[in-house]
Each structure stands twice: as structure tokens, then as C-alpha cells.
Amino acid sequence: MKKFNSIVIRSDNTSLITLVEKMKSLAGEDYCYDFEMSESMNKTCNNDSICRRTDYAVFKTEQESLYKTKVYVSVKDDELKVFNIISSDSRYSELGVNQYNFVLDYFFYHFMAKCLDTSFSNCIHITGEEQQMDDLIGKEAYNALCLWEQTCNKEHPISHPMDESKWFAFICELYKTGKTLHPKDFEQWLTEDCNWPSFYNNVIDGLSESLEYSLSLLKFYGDNCSK
């Protein structure tokens, strides 16, 4: 499965702040500094113990080809992160992993790179490589998930007693591992790795809700009812 990428630069705090200031001063580029949003974030976070001492900068674009996105950058101590990208256009309210990574790459190579010099060599890390489902949830849970996926009726994947039994077996194996599976990762696995067509999107949404509810129920039972 493809993962959302992120950019991390590790250097001394002064160099990182200087880098952000250079980015703010760039003019005539696809991205520009969003002063109001940045100031709002910094004022809000001054009163938050978790993000205190973090400097935030937001850069925006009106380019349709870049989905009218805003890119969020933070600097805390000796680490700069490009940590989030959202669109200000309702048509792109949920950027998919391909769109997100495309924008991140463009922002780095066509905007941010103009402010980088050789002093940042070996300091830049772009994270978010391909991740396998069996690494994410463990071998036993993965085998149970595959058995269900390969044999279920995709129109009604947990309605038939046999399909439901295999689904429950997967849920139980996943719960026993103590690992978590985010609904978005589950949905991505079905659509990208298992090639479920887009006309099953409503079915996939329902399965994600069932996954969340089932794991929450088992956790509640484990925490409160099994002693």
C-alpha cells in the first residue's frame, strides 16, 4: 500500500528558521506564504503545552493543478517538518494518497528546494515508503483477512453466515495482536491491493464502520468485562 509521504529536515534551529524565512520571501511562485493562517496557528499554539515552542508556517496556492492546497510546515528545536497538506476547495476535501504525495513532491522540488543550499546535504529525509498489510497487522490477522477477502461475496461481504464467520475470525485475530488498523489503510488495501472496483465504495465504507465498531466493542469487553 502507498503511504502518505512527509518531509523532515534535521539541522540547528537557527538554520531551519532562516530556511523558512527564505521560503516566506519567495515571490512569483506557485506557492506563497499565508500570513493570516500562520499567525493564527502560532497564536493558538502559544497556549498549548504540546505544541508550545513550535513555529508554524503555512503556504498556499490557487493552482488547480495543485488542488488549491495549503502546505503546513513546523519547526521545533532542531527539526523541520512538512506535516500536512489540505485543500481549500471542497472538490478536493479529501486528498487521496497519490494527490497528496504529488503536491508534496512539487512543493519540495519546485518551491522549497529554491531555498536549500549545500549546508542541508544529508539532513533531508522524505518518509512514507510502501507498506505491506502483513507487516501492519501481523501474519495471523493478515491470513484471516485474506481468507475472508478472497471468498466473500463483495456485494454483501459479511451478510452470509460463512462470510460473517471469516470476518469475525479476522477481527478476533487482529484484536489478539494488540495492533490497530486505521479504516483508511483498510480501505486502501481493498481498493489498491485487492482491486475492489469503485462501485463497491459504499460497501467498503460500511466495512470500515464495522471494523471500527467491532474493535471498539472487543476493547471495551477486554477492559471492563473479562476480569
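Heads up: the structure comes first, above all this text.
Thresholds applied
- Residues numbered from 1 in each chain as written.
- Predicted model: local features only at pLDDT ≥ 70, side-chain atom pairs only at ≥ 80, totals over all residues.
- Heavy atoms only, no water.
- Helix = DSSP H or I, 4+ residues; strand = E, 2+ residues; numbered from the N terminus.
- Buried < 20%, exposed > 50% of the residue type's maximum accessible area, 1.4 Å probe, protein only.
- Areas by Shrake-Rupley, 256 points an atom, 1.4 Å probe, with all protein chains shown as cover.
- Lys, Arg positive; Asp, Glu negative; His and termini not counted.
- Charge placed at Lys NZ, Arg CZ, Asp CG, Glu CD.
- Axes fitted to C-alpha atoms, helices over the stretch in contact; angles between N-to-C directions.
- Parallel < 35°, antiparallel > 145°, perpendicular 65-115°, else oblique.
- Left-handed = near helix turned anticlockwise from the far one by under 90°.
- Contact = heavy atoms within 4.5 Å.
- Nonpolar A, V, L, I, M, F, W, Y, C, P; charged D, E, K, R; others polar.
- Pairing = 2+ DSSP bridges.
- Disulfide = S-S within 2.5 Å.
- Phe/Tyr/Trp six-rings, centres within 6.5 Å; stacked < 30°, edge-to-face > 60°.
- Salt bridge = Lys/Arg side-chain N within 4 Å of Asp/Glu carboxyl O.

**Looking at the overall build of the protein**
1) Next: In terms of helices and strands, the protein carries eight helices and six strands.
2) Next: Each helix and strand of the protein, placed in order from N terminus to C terminus, yields the pattern β-α-β-α-β-β-β-α-β-α-α-α-α-α.
3) Next: Taken along the three principal axes of its C-alpha coordinates, the protein extends 60 × 45 × 35 Å.
4) Next: Evaluated residue by residue, the protein yields a buried proportion of 40% over its 227 residues.
5) Next: Carbon and sulfur atoms make up 49% of the accessible area of the protein, which amounts to about 13,100 Å² in all.
6) Next: Of the charged side chains in the protein, 23 are positive and 36 negative, and the gap between their average positions amounts to 4 Å.

**Quick word on the packing of helix 5 (residues 139-151) against helix 6 (residues 161-177)**
1) Next: Remark: helix 5 packs on helix 6, axes separated minimally by 8 Å, with the N-to-C direction vectors making an angle of 160°. Taken together, the axes of helix 5 and helix 6 are roughly antiparallel relative to one another. As helix 5 packs across helix 6, the resulting crossing turns out to be left-handed. Together, Glu 140, Ala 141, Ala 144, Leu 145, Leu 147, Trp 148 and Thr 151 of helix 5 and Asp 163, Lys 166, Trp 167, Ala 169, Phe 170, Glu 173, Leu 174 and Thr 177 of helix 6 make up the contact between the two elements.
2) Next: Its residues assigned to classes, the contact of helix 5 with helix 6 shows nine nonpolar, two polar and four charged.

**So, the packing of helix 7 (residues 183-193) against helix 8 (residues 201-224)**
1) Next: Across the interface, helix 7 lies against helix 8 with an axial gap of 10 Å and an inter-helix angle of 140°. Taken together, the axis directions place helix 7 and helix 8 in an arrangement best described as oblique. By crossing handedness, the relation of helix 7 to helix 8 is classed as right-handed. In this structure, helix 7 contributes Pro 183, Phe 186, Glu 187, Leu 190 and Thr 191 to the contact, and helix 8 contributes Ile 204, Asp 205, Leu 207, Ser 208, Leu 211 and Glu 212.
2) Next: Class assignment for the residues of the contact of helix 7 with helix 8 results in six nonpolar, two polar and three charged.

**Some remarks on the sheet that holds strand 5 (residues 79-87)**
Across a sheet, paired strands are connected by hydrogen bonds in the backbone, their directions being either parallel or antiparallel.
1) Next: In space, the six strands of this open sheet follow the order 2-3-4-5-1-6, with antiparallel pairing throughout. Of all the strands in the sheet, the pair left with one neighbour each is strand 2 (32-33) and strand 6 (124-127).
2) Next: Alignment of strand 3 (residues 54-60) against strand 4 (residues 69-76), held across seven bridges, turns out to be antiparallel. When the bridges of strand 4 are listed, Val 58 appears paired with Tyr 72.
3) Next: In this fold helix 3 (residues 97-110) packs onto strand 1 (6-10), strand 3, strand 4, strand 5 and strand 6, with an angle of close to 130° to the strand it touches most, strand 5.

**Side note on the state of the cysteines**
1) Next: As enumerated under the stated definition, the model contains zero disulfides in all.
2) Next: No disulfide involves Cys 32; its nearest neighbouring cysteine sulfur is the one of Cys 115, lying 13 Å away.

**Structural notes on the environment of Asp 185**
1) Next: Inspection of the secondary structure assignment puts Asp 185 in helix 7.
2) Next: It is 34 Å that separates the C-alpha atoms of Asp 185 and Asn 13, two residues lying 172 residues apart in sequence.
3) Next: If sequence neighbours within four positions are ignored, Asp 185 has contacts with Met 1, Lys 3, Met 133 and Leu 136.

**A closer look at the packing of aromatic side chains**
1) Next: One pass over the full model with this rule turns up 19 aromatic pairs.
2) Next: Ring centres of Tyr 33 and Phe 35 lie 6.4 Å apart, and the angle between their planes is 75°; on these two criteria the pair is classed as edge-to-face.
3) Next: By relative accessible area, which is 19% here, Tyr 33 ends up buried.
4) Next: Ring-pair connections join several aromatic residues into one group, and the members of that group are Trp 148, Trp 167, Phe 170, Phe 186, Trp 196, Phe 199 and Tyr 200.

**Quick notes on the side chain of Asp 163**
1) Next: Position of Asp 163 among the secondary structure elements: in helix 6.
2) Next: Of the side chains with opposite charge, Lys 166 lies nearest to the buried Asp 163, which makes no salt bridge, at 5.3 Å.

**Focus: the pattern of salt bridges**
1) Next: Summed over the entire model, instances satisfying the criterion amount to 13 salt bridges.
2) Next: Its salt-bridge partner being Arg 91, residue Glu 64 comes within 2.9 Å of it at the nearest N-O pair. Of the two residues, Glu 64 sits in the loop between strand 3 and strand 4 while Arg 91 sits in the loop between strand 5 and helix 3, which places them 27 residues apart along the sequence.
3) Next: In this structure, Asp 89 and Arg 91 form a salt bridge, with 2.7 Å as the shortest nitrogen-oxygen distance.

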